[in-house]
Amino acid sequence: VTVPLFAGFVFGICGMLAAGSVEFTLREFAAESGVNRMIFVAVPGLFAMMWALIVYQQADKRITRVSQSLSRGILVALLTWISFSALAAWAWGPTDYGRFFSTVLLVSGIIGGGPMLLAALTAGGLVGWLIKRRQLHWIMTD
């Protein structure tokens with residue numbers, strides 16, 4: 001298992017937990033757009049996993065401080081937020097996408113921003129701490 005894959009798992013789990021904490025809002029998004037609510041709960045975690053796989057490329061060689069991993073974690077959170085908002089806006093109002101995108105971006109940021117930021121900081125801190133301490137040797141590959 002590589003560092004990006006491990007980071008993807010950690011961010012995916014934390015993203016799912018964050019989405020679960022605002023499941024009531026995601027359920028309303030899903031009901032209004034006619035999409036299964038479990039998809040809206042799973043998607044933020046899957047987006048976080050995908051972005052972590054991309055953002056944490058070469059992280060084992062480039063990250064020397066936990067703060068560097070935290071900034072990557074915040075980037076993963078921002079990319080996840082924008083990606084989820086784009087998907088929700090497309091499902092919610094594909095005819096007037098621009099107007100719905102700005103509304104969904106605002107609403108999802110207000111409601112889900114706190115839990116997602118906390119999840120990203122937790123995952124980024126954990127991954128950064130393990131990389132810095134080189135405690136991932138049992139899963140890291142060269």
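Because the structure is predicted, anything quoted here is derived from the model rather than measured.

Helix and strand counts for the protein come out as six helices and zero strands. In sequence order, the protein lays out its α and β elements as α-α-α-α-α-α. Put simply, the protein has 142 residues, and 44% of those count as buried. Expressed as a percentage of contacts within the protein between residues at least 6 apart in sequence, the contacts between residues at least 24 apart total 72%. When the accessible surface of the protein is totalled, it reaches about 7,500 Å², and 69% of it is carbon and sulfur. In the protein, which carries 10 positive and 6 negative side-chain charges, the distance between the mean positions of the two groups comes to 15 Å.

Over its 27 residues, helix α5 (residues 66–92) extends 38 Å from the first C-alpha to the last, a length consistent with the 39 Å expected when each residue adds 1.5 Å. Listed as buried for α5 are S69, R72, G73, V76, A77, T80, S83, F84, S85, A88, A89 and A91.

Formed by 22 residues in total, the largest nonpolar core has its most connected members in V10, F11, Y56, A59, V76, V127 and I131. The contact partners of A59, leaving out residues within four places of it in the chain, are V3, R72 and I131. A19, V43, A89 and F100 belong to the second largest nonpolar core, which has 15 residues in total.

The N-to-C vectors of helix α2 (residues 23–33) and α5 enclose an angle of 35°; their axes lie 8 Å apart at closest approach. The residues of α5 that touch α2, namely those facing L26, F29, E32 and S33, are F84, A91 and W92. Among the residues forming the contact of α2 with α5, the class breakdown is five nonpolar, one polar and one charged.

Evaluated as defined, the whole model comprises three salt bridges. The partner of E23 in a salt bridge is R27, with the nearest N and O atoms 2.9 Å apart. Of the two residues, E23 and R27 both sit in helix α2, four residues apart, roughly one turn of that helix. Its relative accessible area of 18% is what places E23 among the buried residues. Residue class for R27 comes out partly exposed when judged on its relative accessible area of 37%. E23 is the salt-bridge partner of R37, the closest N and O atoms lying 2.7 Å from each other. You can see R37 sitting in helix α3 (residues 37–55) and its partner E23 sitting in helix α2, a full 14 residues away along the chain. Because the salt bridges share partners, they merge into one network encompassing E23, R27 and R37.

The rules we used
Residues numbered from 1 in each chain as written. Predicted model: local features only at pLDDT ≥ 70, side-chain atom pairs only at ≥ 80, totals over all residues. Heavy atoms only, no water. Helix = DSSP H or I, 4+ residues; strand = E, 2+ residues; numbered from the N terminus. Buried < 20%, exposed > 50% of the residue type's maximum accessible area, 1.4 Å probe, protein only. Contact = heavy atoms within 4.5 Å. Areas by Shrake-Rupley, 256 points an atom, 1.4 Å probe, with all protein chains shown as cover. Lys, Arg positive; Asp, Glu negative; His and termini not counted. Charge placed at Lys NZ, Arg CZ, Asp CG, Glu CD. Expected span 1.5 Å × (residues − 1). Core = buried A, V, L, I, M, F, W, Y, C linked by side-chain atoms within 4.5 Å. Axes fitted to C-alpha atoms, helices over the stretch in contact; angles between N-to-C directions. Nonpolar A, V, L, I, M, F, W, Y, C, P; charged D, E, K, R; others polar. Salt bridge = Lys/Arg side-chain N within 4 Å of Asp/Glu carboxyl O.

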